[in-house]
Every structure is written in C-alpha cells, then in structure tokens.
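Structural overview for review
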Amino acid sequence: MASRHDAKIIWTGPSPRGWHRLQLAAECLQKYAWHYEAPKAQVGMSGRPALARGALVHLALAQHYARMRARQQNEPEDEWCEPEEAVELVAKLEGIEEHVLIVLRTFRRYVEFYENDEADFEILGVEEMGSTKIAGKYLLTGRRDLTVRDRSQRVFVWDHKTTSRLTARHKQFYAISGQLLGYGRMARERYGEAYAGMSVNLIELVAKDGERSNFSRVVLERSPNLESRFERIVVDVEEAIERLQASGRPYDDWPKAINELTCFHRYGACEHINRCRYGAGAAVGGNWVWSDQ
Ligand code: SF4
C-alpha cells in the first residue's frame, strides 16, 4: 500500500554531538582528525554493505515503531511512511538499492517473529534525541533507537544492531560500549527510577528466502566501574582533542595508532588506511578486506 504523499520518514543518522566522535578519538586520534579536522571527504555507503544494510534496517524499524506508537496513542498511523516504502525511497536516494531485498526480507521476518510487541510494550520514543552535560562542560548527544515501557512499568532503551551472523559474543561486545553507557546515563536522567536498562535488539540478516531467522534481545549487564568513571573517560578524550587543536598541528600529523588490531576491525580496514600509508591525498575508503560480518 502506498503511503500518504506527506507521510514522514524518520532521520536515523548520527546525532550532532554523539559518541561517534569520542569513539574515533579514543581509538586513534588520527582517525578523529581525518574525520573531523580534515576537509570533508564524501564517503557514501555504497562500498560498505554492512553499514548500508544496518542503516536501512534501522529505518524500517523506526517507521514500524512510529506507526505502532501512533496506533497506541490513537493517532493516525499513516502520518508515518510505510517501512517498505521508506526503505525503497532512501535506498534509491543513497544509491544502495542492491540491499533492499535482504533488508525487507529481514524486516518482514522480524515483524512476524515479534508479533506481540504491540501488546507487550508501550512505545515511548522512536529515534528520540537525548543529551547530557559531562563535567558541566561537554555536551554529549545520542539518538536512542527505541524506548519502551513493559507491562511491569519498567522502561528500557533498545539499540538495534544488525549482523550477518549472530553469536553469543555480541552481548559481551556491547556491555563495554561507550555509546550505550552514554545512552544509559541519558535515560536515567530522563526516566529516573523507572529506567531498567539498555537492551540490544540483535538482528541477523536473513540472506535467503526459507533461511532460519535469528533474532535476540539481551538486556546488557551493567559495568559499574565504567559508569562511575564515565565522566572522567569523556573528559580525557575531549581534553586530548582540545590539546591537539590548540597545538596547531596539521590534521594529517595527529597521533596514529598504526597497529593491526586498530587499523583493521570487524568490518575490514579503517577507511583512512590509504591516507595514513601514502599521505593525505590518497583515496578514502576502498580496500575493504572483508565484505560483511
Ligand atoms: S589507518 Fe590506523 S592509524 Fe590510520 S587513521 Fe585508521 S586507525 Fe588510525
């Protein structure tokens, strides 16, 4: 069914001052500088299948839950574009149409798998922007994928994560994620005692028709030591960035991690690897050694 011509499509991209910049700087200050200090290099999603599919799944889920929220609030759900239509439109705009089939197959299986969501959860927020002040000085923003209240009145924030293969290790990875620790802090400030935790909504992409679907929701274990030191962690990174900015060092001469564990990650090579190896004029992106993980 086609959506209304003025139906809304939700922006699921990064928030203005999110964890991403701190994460890059903590990983490698040169990576931060390539991204935030150098003249902007346009790197689209077309050469990065994991990113493209993840973005489109996020979009489908945002539209799905926005429509669900509207029904729960007795508002017209058709104010929000149908998920399938939104995915097709955005994929066309971004030049990533080759991922539409797998994304929509996954999305439809997800909706079947979690058919009781509407009865089990009250949808409180979809892609809701939050912010917190760190040490009274540094603004940290974050767009929470989904905030729900369960039947016991507990509030959870869900972060959708897509993967080509779901493993038990995923919940360990995310328990140490600064991004999710930041979301937890913002949710505690917003919902107080009712906030019950961060949950990762793990979604394995369904590669072929007839293939078994694999979805899982895991409430993350808290990391009390990291929570109590969160401000210090953020301040350390912000101060490192400020020191380098104040030093006047050229953007291609910031400290470089240069080690195989940082320069190569789960999805392939760092997109700036050629610039580090050959100089600032080298092409960004490319050289992705693993197609998708
Ligand atoms: S290739 Fe390595 S050293 Fe260069 S920006 Fe990326 S992570 Fe840093």
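So, a few notes on the structure that sits alongside this text. Per chain, the residues get numbers from 1 upward, laid out in the order the sequence is written. Local features are withheld for residues below a pLDDT of 70 in this predicted model, meaning they are given only at 70 or higher, and side-chain atom pairs are given and counted only at 80 or more; totals for whole chains, interfaces and linings count all residues. Only hydrogens and water are set aside; all other atoms, that is, all heavy atoms of the structure, feed into the side-chain values.

1. As for the overall build of the protein chain
Where helices and strands are cited, they refer to DSSP runs of H or I of at least four residues and of E of at least two residues respectively, numbered from the N terminus. A tally of regular secondary structure across the protein chain gives 12 helices and 7 strands. The globule rule used for comparison is 2.2 Å times the number of residues to the exponent 0.38, while the radius of gyration itself is calculated over C-alpha atoms. Against the compact-globule benchmark of 19 Å for 293 residues, the protein chain has a radius of gyration of 20 Å, which places it among compact chains. Oriented by its inertia axes, the alpha-carbon framework of the protein chain measures out at about 55 × 45 × 40 Å. Categorising residues by exposure relies on relative accessible area from a 1.4 Å probe, with only protein chains included: less than 20% of the type maximum marks a residue as buried, more than 50% marks it as exposed, and the intermediate range marks it as partly exposed. Here the protein chain, with 293 residues, has 48% of them falling under the buried criterion. Two residues qualify as a contact provided that any one of their heavy atoms is within 4.5 Å of a heavy atom in the partner residue. Taking as baseline every contact in the protein chain between residues at least 6 positions apart, the subset at least 24 positions apart corresponds to 69%.

2. Structural notes on the pairing of strand β1 (residues 122–134)
By this definition, two strands are paired if DSSP reports at least two bridges between them. In this structure, β1 lies alongside strand β2 (residues 138–149), joined through 11 bridges in antiparallel fashion. Paired with Val-126 across the bridge in β2 is Leu-146. In this structure, the hairpin formed by β1 and β2 is closed by a connection of 3 residues, where Ala-135 is found at a positive phi of approximately 50°.

3. Notes on the packing of aromatic side chains
The pairing test for Phe, Tyr and Trp rings, Trp by its six-membered ring, is centres within 6.5 Å, and the orientation test on the planes gives stacked under 30 degrees, edge-to-face over 60, and tilted for anything in between. Taken as a whole, this structure holds 12 aromatic pairs when the rule is applied. Ring pairs connect the aromatic residues Tyr-110, Phe-113, Tyr-114 and Phe-215, which therefore count as one cluster. The ring of Tyr-114 has Arg-217 sitting right over it, with the charged end atom 3.4 Å from the ring centre. A positively charged side chain is recorded as over a ring if its NZ (Lys) or CZ (Arg) lies within 6 Å of the ring centre. The angle to the ring normal must also be within 35 degrees.

4. Some details on the nonpolar core
The biggest cluster of nonpolar side chains holds 34 residues, and the ones touching the most others in it are Tyr-65, Val-87, Tyr-110 and Trp-158. Looking at this core, the elements that each hand over two or more residues are α3 (49–72), α4 (83–94), α5 (100–113), β1, β2 and β3 (155–163). Of the residues forming this core, the biggest block, 10 residues, is contributed by α3. If sequence neighbours within four positions are ignored, Tyr-65 has contacts with Tyr-110, Asp-117, Ile-123, Val-126, Leu-146, Trp-158, His-160 and Arg-217. The definition of a nonpolar core used throughout is a set of buried Ala, Val, Leu, Ile, Met, Phe, Trp, Tyr and Cys residues joined through side-chain atoms within 4.5 Å. Counting residues in each nonpolar core, the second largest holds 20 residues, with Ala-25, Leu-29, Ile-241 and Trp-254 among its members.

5. Description of helix α8 (residues 178–191)
In this model, α8 (14 residues) spans 20 Å end to end at C-alpha, consistent with the 20 Å of a helix rising 1.5 Å per residue. Burial analysis of α8 places 10 of its 14 residues in the buried class, which makes it a mostly covered element. Among all positions in α8, only Gly-178, Leu-180, Leu-181, Gly-182, Tyr-183, Gly-184, Arg-185, Met-186, Ala-187 and Tyr-191 are buried. In protein, a polar contact requires one atom able to donate a hydrogen and another able to accept it; more generally it is a pair of N or O atoms within 3.5 Å, and residues adjacent in sequence count only if both atoms are side-chain atoms. The backbone nitrogen of Gln-179 has a side-chain oxygen 3.3 Å away, supplied by the residue at the start of α8, namely Ser-177. In this scheme, a helix's expected span is set at 1.5 Å multiplied by one less than its residue total.

6. Quick look at the site of the ligand
Whether a residue is near a molecule or strand is decided by its heavy atoms; if any one of them lies within 4 Å of it, the residue is near. Inspection of the region around the ligand gives Cys-28, Lys-31, Trp-34, Lys-256, Ala-257, Ile-258, Cys-263, Cys-270, Ile-273 and Cys-276 as its neighbouring residues. The residue makeup of the shell around the ligand, split by class, is 8 nonpolar, no polar and 2 charged. Side-chain classes follow a simple rule in which Ala, Val, Leu, Ile, Met, Phe, Trp, Tyr, Cys and Pro form the nonpolar group, Asp, Glu, Lys and Arg form the charged group, and the remainder, Gly included, forms the polar group.

7. Structural notes on the environment of Leu-24
Within the secondary structure layout, Leu-24 lies in helix α1 (residues 19–27). Residues Leu-24 and Arg-4 lie 20 residues apart in sequence; the distance between their C-alpha atoms is 40 Å. Setting aside residues up to four positions removed in sequence, Leu-24 forms contacts with Leu-29, Lys-31, Tyr-32, His-35 and Tyr-36.

8. Structural notes on unusual backbone geometry
Even without glycine at this site, Gln-153 takes up a positive phi of about 70°. Even without a glycine there, the phi angle at Ile-258 is positive, about 25°. With respect to the secondary-structure elements, Ile-258 resides in the loop between α10 (230–247) and α11 (260–263).

9. A short note on the side chain of Thr-163
Within the secondary structure layout, Thr-163 lies in strand β3. At a separation of 3.0 Å, a polar atom in the side chain of Thr-163 contacts the main-chain carbonyl oxygen of Arg-165.

10. Some remarks on the environment of Glu-242
Relative to the helices and strands, Glu-242 is located in helix α10. In this structure Glu-242 comes out as partly exposed when scored by relative accessible area, which is 34%. Beyond its immediate chain neighbours, meaning those up to four positions away, Glu-242 contacts Lys-137 and Tyr-138. In this structure the side chain of Glu-242 is engaged in a polar contact, spanning 3.1 Å, whose partner is the side chain of Tyr-138.

The quantities given are spatial measurements derived from coordinates; they are silent on function.
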